[in-house]
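Each chain is listed here by its residues.
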Amino acid sequence: MAAVKLLDVDGVGKDFRGLRALSEVGFEVEPGEILGIIGPNGAGKTTLFNVISGAIAPDTGRVVFGRKDVTGAAPHRIARAGMVRTFQLMRPFGSMSVLENVGLAAQHRRQPLRRLRGEAMDVVERVGLGPWAHRPATELPTAGLKRLELARALAMRPKVLLLDEVLAGLVPAEREPVLDLLAALREEDGTTLLFIEHIMAAVMRLSDRVLVLDQGRVLATGSAEQVTSDPRVIEAYLGEEPGDAED
Ligand SMILES: Nc1ncnc2c1ncn2[C@@H]1O[C@H](COP(=O)(O)OP(=O)(O)OP(=O)(O)O)[C@@H](O)[C@H]1O
Ligand SMILES: [Mg+2]
């Protein structure tokens, strides 16, 4: 019996002035699934998120979310439909507090302001930024900015969350609570996760399935164990800085 797909990426290609950033990329994601996305620097991982989330339109192929073709749709429309991404480079509004930053992300939800504020506070606490709620976002250290980026995405109540290296720049002790939170999002909220990650321990722990990108193409898909023992995947990672792919 074929499982229901929540996201269907089909034949996606993207060129940047002759550089093939993505080529014939296709995969499906089921509701509640956690898909890890790995690949060397420059493999096209962020570009793939840019296409899925509507930040850039692909040259070929299509993205179907639910039953709707969202290829090239504006990012805010896709986010409103329930597919939300975080950014590899974080850009909060520095003059605003942590809570205000999160509240702003939820604004499109046309709910009474009081309710949105309450929900924003819940999200701030859920990501562990409670004590920072009323401090300016600029005062946050890297780990805090990562949590804020996650909180801003969660405030939009995503069905599908696209996470672009949310663990980068965090020391191992800081990673644990984030990993716990991501696992809880699926267990408690049923959120579907696609996460780009270089830290293999996290990929092994969270992923139901892993998609490996290399030079804009899907090199392999399978369980974390399968892909990490695949000689083609090991080969693609050669030449990477050891610290990049290791925990
Ligand atoms: N807007 C753009 N204009 C031109 N080239 C781009 C653009 N965005 C990405 N590229 C190029 O496309 C390729 C894929 O980049 P992308 O950022 O998707 O890689 P990545 O897999 O996310 O890498 P990393 O692990 O370093 O984050 C790279 O060669 C990059 O330089
Ligand atoms: Mg990237």
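Residues numbered from 1 in each chain as written. Chains lettered and ligands numbered in written order. Predicted model: local features only at pLDDT ≥ 70, side-chain atom pairs only at ≥ 80, totals over all residues. Heavy atoms only, no water.

- The protein appears in an unreviewed UniProt entry as ABC transporter ATP-binding protein from Actinomadura montaniterrae.

**Topic: the layout of surface pockets**
Then, in step 1: In this model, the largest pocket occupies a volume close to 520 Å³.
Then, in step 2: Secondary-structure elements contributing two or more residues to the lining of the largest pocket are α2 (75–81), β6 (83–85), α3 (98–106) and α5 (142–154).
Then, in step 3: Top element by residues in the lining of the largest pocket is α2. It accounts for five residues.
Then, in step 4: Split by residue class, the lining of the largest pocket holds twelve nonpolar, four polar and five charged.
Then, in step 5: A volume near 240 Å³ is recorded for the second largest pocket.
Then, in step 6: Lining the second largest pocket are 14 residues, and of these Val123, Arg126, Leu154, Arg157 and Asp189 lie nearest its centre.
Then, in step 7: Here the residues of the lining of the second largest pocket are counted per class, giving seven nonpolar, one polar and six charged. (1 Å grid on protein atoms, 1.4 Å probe; cavity = no way out; pocket = protein on both sides within 12 Å on 5 of 7 lines; lining within 4 Å. Points joined across faces, edges and corners; volume = space filled by probe spheres on them. Helix = DSSP H or I, 4+ residues; strand = E, 2+ residues; numbered from the N terminus. Nonpolar A, V, L, I, M, F, W, Y, C, P; charged D, E, K, R; others polar.)

**Things to note about the sheet that holds β6**
Then, in step 1: A sheet is described by the order of its strands in space; here six strands give the open sequence β6-β7-β8-β3-β9-β10, paired in mixed fashion. Every interior strand has two partners, whereas the edge strands, β6 and β10 (217–222), have only one. For this sheet, the mean inter-axis angle between neighbouring strands, taken without regard to orientation, is 15°.
Then, in step 2: Strands β6 and β7 (160–164) of the sheet are contacted by α5, whose axis makes an angle of about 160° with β7. (Pairing = 2+ DSSP bridges. Axes fitted to C-alpha atoms, helices over the stretch in contact; angles between N-to-C directions. Contact = heavy atoms within 4.5 Å.)

**Things to note about the packing of aromatic side chains**
Then, in step 1: Enumeration over the complete set of coordinates arrives at zero aromatic pairs.
Then, in step 2: The residue whose ring lies beneath arginine 135 is tryptophan 132, and the NZ or CZ to ring-centre distance is 4.5 Å. (Phe/Tyr/Trp six-rings, centres within 6.5 Å; stacked < 30°, edge-to-face > 60°. Lys NZ or Arg CZ within 6 Å of the ring centre and 35° of its normal.)

**Looking at α5**
Then, in step 1: Helix length check: α5, at 13 residues, gives a terminal C-alpha distance of 18 Å against a target of 18 Å (1.5 Å per residue), a fit within 8%.
Then, in step 2: Taken together, the buried positions of α5 are occupied by Ala143, Gly144, Lys146, Arg147, Leu148, Glu149, Leu150, Ala151, Arg152, Ala153 and Leu154.
Then, in step 3: Those residues of α5 that are buried lie in contact with β6, α3, α4 (113–126), β7 and α6 (172–189). (Expected span 1.5 Å × (residues − 1). Buried < 20%, exposed > 50% of the residue type's maximum accessible area, 1.4 Å probe, protein only.)

**A short note on unusual backbone geometry**
Then, in step 1: One non-glycine residue, glutamate 24, adopts positive backbone phi at about 50°.
Then, in step 2: On the basis of relative accessibility, which here comes to 58%, the residue glutamate 24 falls in the exposed class.
Then, in step 3: One non-glycine residue, arginine 157, lies in positive phi territory at about 55°.
Then, in step 4: Within the secondary structure, arginine 157 sits in the loop between α5 and β7.

**Details of the site of ligand 1**
Then, in step 1: Around ligand 1 lies a shell of 14 residues, among which Asn41, Gly42, Lys45, Thr46 and Thr47 are the nearest.
Then, in step 2: Within the backbone of glycine 44, one N or O atom sits 3.0 Å away from an oxygen atom of ligand 1.
Then, in step 3: Here lysine 45 contributes a side-chain N or O atom positioned 2.8 Å from an oxygen atom of ligand 1.
Then, in step 4: When isolated, ligand 1 has an accessible area of 640 Å², and the protein chains bury 60% of it.
Then, in step 5: Top element by residues in the shell around ligand 1 is helix α1 (residues 45–52). It accounts for three residues.
Then, in step 6: Among the residues making up the shell around ligand 1, the classes are represented as five nonpolar, seven polar and two charged. (Near = heavy atom within 4 Å. Polar contact = N/O pair within 3.5 Å; in protein donor to acceptor, adjacent residues only side chain to side chain. Areas by Shrake-Rupley, 256 points an atom, 1.4 Å probe, with all protein chains shown as cover.)

**Here's the deal with the pairing of strand β8 (residues 192–196)**
Then, in step 1: Counting buried positions along β8 gives five out of five residues, so the element sits mostly inside the fold.
Then, in step 2: Across the two faces of β8 the burial is the same, with Thr192, Leu194 and Ile196 and Leu193 and Phe195 all buried.
Then, in step 3: Pairing of strand β3 (residues 34–38) with β8 involves four bridges; the strand directions are parallel. Bridge pairing in β8 places isoleucine 37 opposite isoleucine 196.
Then, in step 4: Bridge analysis of β7 against β8 gives five bridges, and the strand direction is parallel. Looking at the pairing, valine 160 lines up with threonine 192 of β8.
Then, in step 5: With α6 bridging β7 and the parallel β8, this β-α-β connection has right-handed handedness. (Right-handed = clockwise from strand over helix to strand, strands pointing away.)

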